[in-house]
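Topology and contacts: notes
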Amino acid sequence: MSEGITDFEGRTAFVTGGARGIGLGIARALLRRGVNVAIADISAEALDHAADVLALPQERLRCYRLDVADREQYADVARRVAADLGEVTLLFNNAGVIDSISPARATYDMWDYVLGINLNGVYNGIQTFLPGMLASGRPCHIVNTSSEAGLITGGSGFLYHTSKFAVMGLSEAMRDELDHHDIGVSVLFPGPVATDIVQNTRRIRPAGAPAHSPRVTGILDAAHLHLHRDGADPDGVGEVVLDAVEHNLPYIATRNRSREALARRTEEIVAAMDHAERMLSRLGDAAIKHT
Ligand code: NAI
């Protein structure tokens, strides 16, 4: 198993969705360790704000407007980052949206939109930066942001759950495959974090997206309040993430309150396996008797 990263000073990191919330918390934690940081975000306004509050010289921090779902744009931004800050050896695929459209109102466009950002956006980052990481000859690390909604379903809408379950699977499988290249992969699955993800997503919803039902609108409003009332501090989450990079941990959580739901899900899956074993063995006996 690869060692964690401890030689942060002077490295270059790329953080998507880095202008606000958890991404900004990760960027701050990186900057504290002497990493030069490229922040990429779809919101030009949020990028300007981040650059203002972080107030660092250009050789330490650069901001790039990027839609992670757009592969051509991604390749162009990556070329600029390499020229501005050097080869990226730390990658944080964090940009995400939460749109809890119900299956009854969903469309192919909504599927493409949410999965395009939350899942393809993660893969686009890996596909873009992995060749440079492999060629760099030094240990590298990738953190993909999933969610507790990537472990258990309920309350976040099927598109969000689907995308976050997929990011869990992608991360676990890539970790196994990239370990012998000395590239660590961790998956972050936060519980509530005090960010404006609900409102930020509302602002960039595609024109023509089906309206939410009053029920889903209520769920999203309640989620926004819940995140700000009970959510973890994004800067604290940034530190937890960097600690995991230092120790090359596979999983990064932000709390421990989903244990029962996760255990229940695992038990139900194992029970289905046991049931199938019993049933298939009974059917097998019967099939032999009847031939
Ligand atoms: P946020 O809204 O504060 O930050 C997300 C950033 O991503 C925003 O600045 C937004 O402009 C940017 N973004 C959205 N679409 C983009 C695109 N197509 N290309 C580039 N940038 C884009 O939200 P937050 O909470 O910091 O979310 C970060 C990640 O954490 C997301 O993947 C989210 O699903 C995940 N997460 C958040 C939780 C929370 O409670 N806040 C809980 C679990 C997971």
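Residues numbered from 1 in each chain as written. Predicted model: local features only at pLDDT ≥ 70, side-chain atom pairs only at ≥ 80, totals over all residues. Heavy atoms only, no water.

1. Some details on empty space enclosed by the protein
Operational definition: Cavities and pockets were defined on a 1 Å grid built over protein atoms only: a cavity is a set of grid points that admits a 1.4 Å probe from which the probe cannot escape, a pocket is an open set flanked by protein on both sides within 12 Å along at least five of seven lines, and lining residues are those with an atom within 4 Å of any such point. Grid points are joined across faces, edges and corners, and a volume is the space filled by probe spheres set on the points. Starting at the N terminus, helices and strands are each numbered in turn, a helix being any DSSP run of H or I of at least four residues and a strand any DSSP run of E of at least two. We call Asp, Glu, Lys and Arg charged. Ala, Val, Leu, Ile, Met, Phe, Trp, Tyr, Cys and Pro are nonpolar, and the rest, Gly among them, are polar.
The final tally for this structure, using the stated rule, is one cavity of 30 Å³ or more. For the largest cavity, the calculated volume is near 40 Å³. In this structure, the largest cavity is lined by Ile-98, Asp-99, Val-198, Thr-201, Arg-202, Arg-205, His-212 and Leu-220. In terms of residue count, the dominant contributor to the lining of the largest cavity is helix α6 (residues 197-204) (three residues). Its residues placed into classes, the lining of the largest cavity shows three nonpolar, two polar and three charged.

2. Focus: the layout of surface pockets
As a volume, the second largest pocket reaches approximately 200 Å³. Elements supplying a minimum of two residues to the lining of the second largest pocket: α2 (44-54) and α6. Partitioned by chemical class, the residues of the lining of the second largest pocket number four nonpolar, three polar and three charged.

3. Some thoughts on the packing of α6 against helix α7 (residues 214-230)
Put simply, the rule reads: Only the stretch in contact is used when a helix axis is fitted, and all axes are lines through C-alpha atoms; the angle between N-to-C directions ranges over 0 to 180 degrees. Any angle from 65 to 115 degrees is called roughly perpendicular, while one under 35 is roughly parallel, one over 145 is roughly antiparallel, and all others are oblique. The criterion used for residue contact is that any of the two residues' heavy atoms lie within 4.5 Å.
At their nearest, the axes of α6 and α7 sit 8 Å apart, and the two run at 135 degrees to each other. When the axes of α6 and α7 are compared, the pair comes out oblique. In this structure, α6 uses Ile-197, Val-198, Gln-199 and Arg-202 to contact α7, whose residues at the interface are Thr-217, Leu-220, Asp-221, Ala-223, His-224 and Leu-227. Partitioning the contact of α6 with α7 into residue classes produces five nonpolar, three polar and two charged.

4. Let's talk about the pattern of salt bridges
Where we set the bar: By definition, a salt bridge exists where a carboxyl oxygen of Asp or Glu is found within 4 Å of a side-chain nitrogen of Lys or Arg.
Considering all chains together, one arrives at 11 salt bridges under this definition. Across the pair Arg-33 and Glu-246 runs a salt bridge, and its minimum N-O distance is 2.9 Å. Here Arg-33 is found in the loop between α1 (21-32) and β2 (36-41), whereas its partner Glu-246 is found in helix α8 (residues 234-247), with 213 residues between them in sequence. The closest approach of N and O atoms between Arg-205 and Asp-99, which form a salt bridge, is 2.5 Å. Of the two residues, Arg-205 sits in the loop between α6 and α7 while Asp-99 sits in the loop between β4 (88-93) and α4 (108-136), which places them 106 residues apart along the sequence. Within this structure, Arg-32, Arg-33, Glu-239 and Glu-246 form a network of salt bridges that share partners.

5. As for the domain arrangement of the protein chain
Applicable threshold: Domain delimitation follows an automatic or database domain assignment. What counts as buried area is the accessible surface, traced by a 1.4 Å probe, that two parts surrender upon association, with contributions from both included.
According to the domain assignment, the protein chain contains domain 1 (12-257) and domain 2 (259-291). If you look at the interface, domain 1 gives five residues, while domain 2 gives four residues. Summed over both partners, the interface of domain 1 with domain 2 buries about 400 Å², with 59% contributed by carbon and sulfur atoms. At the surface where domain 1 touches domain 2, the tally comes to zero salt bridges.

6. Some details on the site of the ligand
Which entries qualify depends on this criterion: Residues are labelled near a given molecule or strand when at least one of their non-hydrogen atoms is within 4 Å of it. Each polar contact in these results corresponds to two N or O atoms within 3.5 Å; when the atoms are within protein, one needs to be able to donate a hydrogen and the other to accept it, and residues that are neighboring in sequence are counted only if both atoms are side-chain atoms.
Neighbouring residues of the ligand: 29 residues in total, closest Ile-22, Asp-41, Tyr-160, Val-193 and Thr-195. Between Asp-41 and the ligand, the recorded distance is 2.6 Å, taken from a side-chain N or O atom to an oxygen atom. One of the side-chain N or O atoms of Asn-200 is found 2.8 Å from an oxygen atom in the ligand. Within the residue set of the shell around the ligand, elements represented by two or more residues are α1, α5 (158-178) and α6. For the shell around the ligand, the leading source of residues is α6, giving three residues. Split by residue class, the shell around the ligand holds 14 nonpolar, 11 polar and four charged.

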